[in-house]
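Examination of the molecular architecture
One letter stands for each residue in the lines below.
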Amino acid sequence: MGRPLNSKFFGNRNTGSASTSTDNQIGGEFVSVVTINNAGTYASSLPTATFSAPAIPSGVTATGVVHGKAVSASINAAGTGYSFGNILTAVGGTGTAATFQVTSVQTVGTPTLTAGGTIYDVSSGAKDEIWFDSSVDARWTTPLKIRVETVNGSAVASFTVIQQGVWTGATPPTTVVGTSTHNGPIDNNGNGATFTLSWGVNTVSVASEGDYTAVPNSALATTGGGTGAQLTVSYGVKNIAITEAGSGYINGADAA
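The structure contained in this document is the topic of the report that follows.

Rules and cut-offs
- Residues numbered from 1 in each chain as written.
- Predicted model: local features only at pLDDT ≥ 70, side-chain atom pairs only at ≥ 80, totals over all residues.
- Heavy atoms only, no water.
- Helix = DSSP H or I, 4+ residues; strand = E, 2+ residues; numbered from the N terminus.
- Buried < 20%, exposed > 50% of the residue type's maximum accessible area, 1.4 Å probe, protein only.
- Contact = heavy atoms within 4.5 Å.
- Areas by Shrake-Rupley, 256 points an atom, 1.4 Å probe, with all protein chains shown as cover.
- Salt bridge = Lys/Arg side-chain N within 4 Å of Asp/Glu carboxyl O.
- Lys, Arg positive; Asp, Glu negative; His and termini not counted.
- Pairing = 2+ DSSP bridges.
- Axes fitted to C-alpha atoms, helices over the stretch in contact; angles between N-to-C directions.
- Polar contact = N/O pair within 3.5 Å; in protein donor to acceptor, adjacent residues only side chain to side chain.

**Re the overall build of the protein chain**
Secondary structure assignment for the protein chain yields one helix and 19 strands. Buried positions account for 38% of the 256 residues belonging to the protein chain. Restricting to contacts in the protein chain with at least 6 residues of sequence separation, those with at least 24 account for 74%. For the protein chain, the exposed area adds up to about 11,600 Å²; of that, 49% sits on carbon and sulfur atoms.

**Thoughts on unusual backbone geometry**
Positive phi, normally seen in glycine, also occurs at Ser 58, with a value near 70°. Secondary-structure assignment places Ser 58 in the loop between β2 (29–35) and β3 (63–77). Given a relative accessible area of 63%, Ser 58 falls into the exposed group.

**As for the pattern of salt bridges**
Per the counting criterion, the structure on display carries four salt bridges. Close ionic contact of Glu 149 with Arg 147 constitutes a salt bridge, the shortest N to O distance being 3.0 Å. Residue classification places Arg 147 among the partly exposed positions, given a relative accessible area of 29%. Within the structure, one salt-bridge network assembled from shared partners comprises Lys 127, Arg 147 and Glu 149.

**Observations concerning the side chain of Lys 69**
Inspection of the secondary structure puts Lys 69 in strand β3. Buried within the structure, Lys 69 lacks any salt-bridge partner; its nearest side chain of opposite charge belongs to Glu 209, at an N-O separation of 4.2 Å. If near-sequence neighbours (up to four positions away) are discounted, Lys 69 is found in contact with Ala 39, Glu 209, Gly 210, Ser 234, Tyr 235, Gly 236, Val 237 and Lys 238.

**With respect to the sheet that holds strand β15 (residues 191–196)**
Strand order in the open sheet formed by three strands is β7-β15-β13, with antiparallel pairing between adjacent strands. One side of each edge strand has no neighbouring strand; the edge strands of this open sheet are β7 (112–118) and β13 (175–178). Between one strand and the next, the sheet's axes are offset by a mean angle of 15°, whatever the strand orientation. The pairing of β13 with β15 spans four bridges and is antiparallel. Pairing of Val 176 across the sheet is with Phe 195, part of β15.

**Looking at the pairing of strand β11 (residues 155–163)**
Where strand β10 (residues 144–152) meets β11, seven bridges bridge the pair, whose relative direction is antiparallel. Bridge pairing in β11 places Arg 147 opposite Thr 160.

**A word on the environment of Thr 160**
Structurally, Thr 160 is set in strand β11. Thr 160 sits in the partly exposed class, given a relative accessible area of 29%. A sequence separation of 50 residues divides Thr 160 from Thr 110, and the C-alpha atoms of the two residues are 7.9 Å apart. Contacts of Thr 160, omitting those with residues within four sequence positions, involve Lys 145, Ile 146, Arg 147 and Glu 149. Among the polar contacts made by the side chain of Thr 160, one reaches the side chain of Glu 149 at a distance of 2.8 Å.

Distances and angles like these do not, on their own, reveal function.
This is the structure:
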């Protein structure tokens, strides 16, 4: 694989220099630090670091090990039972695990109807919709929308989720009462239908980037808060640990 080695800094292994070295003294310089100007983006494996052979005869080729870090993550599976602020810890790989903080949650599955409420209307051409949106609480950044399919008298008997909702903020509600109705065939005054919600992960941010010599698979199982969430993680190069400084290099370009 390619190596994201944009620049290198060298330290002198001895008091001589390439111009003053002799057959009995290797001279030149060795690799002490590699700086990363571009971390790159990698899914399931990291690149390798290779160095050119030194220009001075009898020199030793430098070697190094790439260390990776998490740079971002998207949701592959939302899971269930999560809350805003939960910390998810990556599972797998070799090194120090990255962690991710839940920055928003989404409703998942079908809510449980615990009370049917009153004055809900359905017809062959239109049906009441119950919306939980920013007019109910500003933390609903995407409305949860429920369509009433059938009623018992005027109470909700069955329903369909037509849009899962997103909640950004602390303490997502486990129980909601439908007082915001829309698109009704007669009016929009239905109220009192009560639902129990389940929450999964919608977005995360990197809480700690970790330090890997081998990264987990791209579909990453996580723990923390609820169960079943999976993230697709992008990794970058954190640093390159020099395992052999080498010798006999003339300058940084010589080792590229």
